[in-house]
Amino acid sequence: MIRIIAICLALMIPGGPLAMAQTPSAPSFPSLGADVIQDIAVEGAQRVEPGTVISYMVIKQGDPYDAERIDRSLKSLFATGLFADVSIQRQGKTLVVNVVENPVINRVAFEGNRKVESDVLEAEVTLRPRVIFTRTKVQNDVKRLLAIYRVNGRFAASIEPKVIQLPQNRVDLVFEINEGKPTDVRKIRFVGNREFSDSRLREIIQTRETRWWRFFSSSDRYDPDRLTFDRELLRRFYLKKGFADFRVASAVAELSPNRENFFITFTIAEGARYKFGNIDLAVRLKDVDEKKLEKKLEIKKGDWYDASEIENVITRVTTEVNDSGKPFVDVRPRVNRNRDKREINITFEVNEGAHVFVERIDISGNVRTLDQVIRREFRFVEGDAFNVSKLRRSRKRVQDLDFFQKVKIDQVPGSAPDKTVIKTTVEEKATGSVLIGAGFSTTSGALVDLGLQERNFLGRGQDIKFNITSAEKRNDVDLSFTEPYFLGRQIVAGVD
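Residues numbered from 1 in each chain as written. Predicted model: local features only at pLDDT ≥ 70, side-chain atom pairs only at ≥ 80, totals over all residues. Heavy atoms only, no water.

**Brief notes about the overall build of the chain**
- Secondary structure assignment for the chain yields 12 helices and 20 strands.
- Taken over the C-alpha trace, the chain has a radius of gyration of 37 Å; the compact-globule value for 496 residues is 23 Å, which it surpasses by more than 25%.
- Taken along the three principal axes of its C-alpha coordinates, the chain extends 130 × 70 × 45 Å.
- Expressed as a percentage of the 496 residues in the chain, the buried residues total 36%.
- Nonlocal contacts in the chain, meaning residues at least 24 apart in sequence, comprise 55% of its contacts between residues at least 6 apart. (Helix = DSSP H or I, 4+ residues; strand = E, 2+ residues; numbered from the N terminus. Rg over C-alpha atoms; globule rule 2.2 N^0.38 Å. Buried < 20%, exposed > 50% of the residue type's maximum accessible area, 1.4 Å probe, protein only. Contact = heavy atoms within 4.5 Å.)

Written out as structure tokens, the structure is:
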């Protein structure tokens, strides 16, 4: 019976047995639903809904089974940061997703920190109570905390996170901190200096070698930002002394194997020393008295080159042009260096500047210092004509206050094409100091000296000092107060 049916079917096909002979093997198709995922089951989920788990997956119910899409679904679930472990298994036509949820943080604590307050550390970490715990976030927070200690000169600090398991898949996260000893600057060396000794150059920079009497100062602690500023101080010093080709090739800080000391090496290239050559003036503004501007040059041919004198000339010429009724001026020095004669010829070009006004001066980053202390150092106010040379001068004046580790002043577009906003960002540093000394005097006997100074008193830029000397035969007390802007003017007034 079966054979008869097979023959009949063959006869119904067009071409009959001949067509079948031409086709050696007919293609086989899977039966309906043979390799299709009919259901997805989620196991192990506690806080996360099963539907949410499925929504993160690439493979869905009704899709054919695909190992590549299963692998992509695993990666997608891990990428959410919600799960500590994920496994996907096939049981017949059902795909079983087994998840282990990451715990929720109940509390974050710090132990062993004495030099850095917990509030400072807490503000730096990203993990908080009721936040999902992940190992990656913990590792990133450890890096952030170590960065804080390095800024405070403690490169030997180590931090080990501890996890305390709690019921309901919750954990307490404890950062166990070993602050270590302060990492001091043991030695500062200079390579390439011929004109000035190492001791002279050490006086120029802010970083100091560690000494026993500097236990109240942080200048002998390694600070990458301070090292960057030291490079700038060296550059200013050499440019002021006539070394126009000077550059700092590198500033390398090497940490000792015990992570307690740094050895800093400045590699410098002094170059040749230059003198001023011809000093000329090229005025491209109408109705400007060139003779008055020539008197503002005040640079003599044959004097040692001084980069600060060029800035002073630009300031004087700009002020003179502004006073003549022309607020928009751009003074640019065109430098021609004669290496054979070791002379620098300078032509000051006076051009008309862009007609742009200062719309606003924004100041940020100052926590203790008042805005007015920074604002009064600017050479223009809101509404004045913008001037590039005045902006450079303002930046230098704010830096010279020595109240800030970083000073960044940028010019950004304002609300109109002819307006600009001066965006000022600063980072404050410690401005107080303590001096303790002891000695012996033939007239007064044994003595003890105690001094306190605050250069930015109450954030107002005022300088206050207190010094007391107690000896066997006499006692001296000295109290001084200095106001750098008396009655809002550039007049220094004080009492001692």
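**What about the nonpolar core?**
- Counting residues in hydrophobic clusters, the biggest one holds 26 residues, and the most contacted among them are Tyr305, Ile346, Phe348 and Val350.
- For this core, the elements supplying multiple residues, two or more each, are β10 (275–283), α10 (307–323), β11 (329–338) and β12 (343–352).
- With near-sequence residues (within four places) excluded, Tyr305 lies in contact with Leu239, Lys240, Lys241, Gly242, Ala244, Tyr274, Lys275, Phe276, Ile310, Ile344 and Ile346. (Core = buried A, V, L, I, M, F, W, Y, C linked by side-chain atoms within 4.5 Å.)

**Observations regarding the confidence of the model for the chain**
- Per-residue pLDDT for the chain averages 85, and the proportion of residues at 70 or more is 93%.
- Here helix α1 (residues 2–12) stands out as the element of the chain with the lowest mean pLDDT, 36, in contrast to helix α7 (residues 198–204), whose mean of 95 is the highest.
- Contacts of residues 1–33 to residues separated by more than four positions or lying in other chains number 6 contacts, the stretch itself having pLDDT below 50. (pLDDT = per-residue confidence, 0-100.)

**Comments concerning the sheet that holds strand β15 (residues 419–428)**
- Overall, mixed pairing links the 3 strands, which are arranged β13-β15-β14 in an open sheet. Each edge of the open sheet is held by one strand with a lone partner, namely β13 (357–364) and β14 (404–413). For this sheet the average axis-to-axis angle between neighbouring strands, irrespective of direction, equals 15°.
- The pairing of β13 with β15 spans 7 bridges and is classified as parallel. Paired with Phe357 across the bridge in β15 is Lys419.
- With respect to the sheet, helix α12 (residues 388–400) is in contact with β14 and β15, its orientation differing from that of β14 by roughly 160°. (Pairing = 2+ DSSP bridges. Axes fitted to C-alpha atoms, helices over the stretch in contact; angles between N-to-C directions.)

**Comments concerning the sheet that holds strand β8 (residues 247–255)**
- Within the open sheet, the 3 strands sit side by side as β7-β9-β8. Their pairing is mixed. The open sheet has two free edges, formed respectively by β7 (184–191) and β8, since each of these has just one partner strand. Going across the sheet, the axis of each strand differs from the next one's by a mean of 15°, ignoring polarity.
- Contacts from helix α8 (residues 224–240) reach β7, β8 and β9 (261–269) within the one sheet, and its direction differs from that of β9 by about 30°.

**Section: the side chain of Thr207**
- Mapped onto the fold, Thr207 is located in the loop between α7 and α8.
- Engagement of the side chain of Thr207 in a polar contact is seen with the side chain of Asp230, the distance being 2.5 Å. (Polar contact = N/O pair within 3.5 Å; in protein donor to acceptor, adjacent residues only side chain to side chain.)

**Brief notes about α8**
- The first and last C-alpha atoms of α8 sit 25 Å apart over 17 residues, in line with the 24 Å expected at 1.5 Å per residue.
- By the burial criterion, the buried members of α8 are Arg226, Leu227, Asp230, Leu233, Leu234, Phe237, Tyr238 and Leu239.
- Contact partners of the buried residues in α8: β7, α7, β8, β9 and α10.
- Between a side-chain oxygen at the N-terminus of α8 and the backbone nitrogen of Asp225 the separation is 3.1 Å; the capping residue is Asp223.
- Positive backbone phi, approximately 100°, marks Gly242, located one or two places after α8. (Expected span 1.5 Å × (residues − 1).)

**Examining the pattern of salt bridges**
- Applying the stated criterion across every chain yields a total of 31 salt bridges.
- Across the pair Glu160 and Lys162 runs a salt bridge, and its minimum N-O distance is 3.0 Å.
- Exposure remark for Lys162: the relative accessible area of 32% places this residue in the partly exposed category.
- As a salt-bridge pair, Glu209 and Arg202 come within 3.2 Å of each other at their nearest N and O atoms.
- Shared partners join several salt bridges into a network, and the residues in it are Glu232, Arg235, Arg236, Lys396 and Asp400. (Salt bridge = Lys/Arg side-chain N within 4 Å of Asp/Glu carboxyl O.)

**A look at the pairing of β15**
- In terms of strand pairing, β14 meets β15 through 9 bridges, oriented antiparallel. Paired with Ile409 across the bridge in β15 is Thr424.
- Between β14 and the antiparallel strand that follows it, β15, lie 5 residues.

**Details of α12**
- Its 13 residues give α12 an end-to-end C-alpha distance of 19 Å, which sits within 8% of 18 Å, the value for a rise of 1.5 Å per residue.
- Those residues of α12 that fall on the buried side of the exposure criterion are Ser389, Leu391, Ser394, Arg397 and Val398.
- Structurally, α12 contributes buried residues whose contacts are with α10, α11 (371–375), β14 and β15.
- Looking one or two residues beyond α12, the residue adopting positive phi is Asp402, at roughly 60°.

**Some points on the environment of Val108**
- Relative to the helices and strands, Val108 resides in strand β4 (residues 104–111).
- Once you skip the residues sitting within four places of it in the chain, Val108 turns out to touch Leu127, Arg128, Leu173 and Phe175.

**So, the packing of aromatic side chains**
- With the rule as written, the count across this model stands at 16 aromatic pairs.
- Relative to Phe243, the ring of Tyr238 lies with its centre 5.4 Å away and its plane at 75°, an arrangement referred to as edge-to-face. The same class applies to Tyr238 as to Phe243, namely buried.
- Their ring planes at 55° and their centres at 5.4 Å tell us that Phe276 and Tyr305 sit as a pair that is tilted. Linking Phe276 in strand β10 with Tyr305 in the loop between α9 (290–294) and α10, this pair joins segments that are 29 residues apart in sequence. (Phe/Tyr/Trp six-rings, centres within 6.5 Å; stacked < 30°, edge-to-face > 60°.)

**Brief notes about a nonpolar patch on the surface**
- Taken together, the side chains of Val434, Ile436, Leu450, Leu452, Phe466, Ile468, Val477 and Leu479 present a nonpolar region at the surface, about 640 Å² in accessible area.
- For the nonpolar patch, the elements supplying multiple residues, two or more each, are β16 (432–441), β17 (445–457), β18 (462–471) and β19 (475–483).
- Structurally, Val477 can be placed in strand β19. (Patch = residues over 30% accessible without salt bridge, like charges linked within 9 Å, V, L, I, M, F, W, Y side chains within 5 Å. Areas by Shrake-Rupley, 256 points an atom, 1.4 Å probe, with all protein chains shown as cover.)

**Observations concerning the packing of α10 against α12**
- The contact between α10 and α12 brings their axes to 10 Å, and the two run at 130°. When the interaxial angle is binned, α10 and α12 end up oblique. Where α10 crosses over α12, the handedness of that crossing is left-handed. Facing Glu311, Asn312, Ile314, Thr315, Thr318 and Asn322 of α10, the residues of α12 in contact are Ser389, Lys390, Arg392 and Arg393.
- Broken down by class, the residue content of the contact of α10 with α12 amounts to 1 nonpolar, 5 polar and 4 charged. (Parallel < 35°, antiparallel > 145°, perpendicular 65-115°, else oblique. Left-handed = near helix turned anticlockwise from the far one by under 90°. Nonpolar A, V, L, I, M, F, W, Y, C, P; charged D, E, K, R; others polar.)

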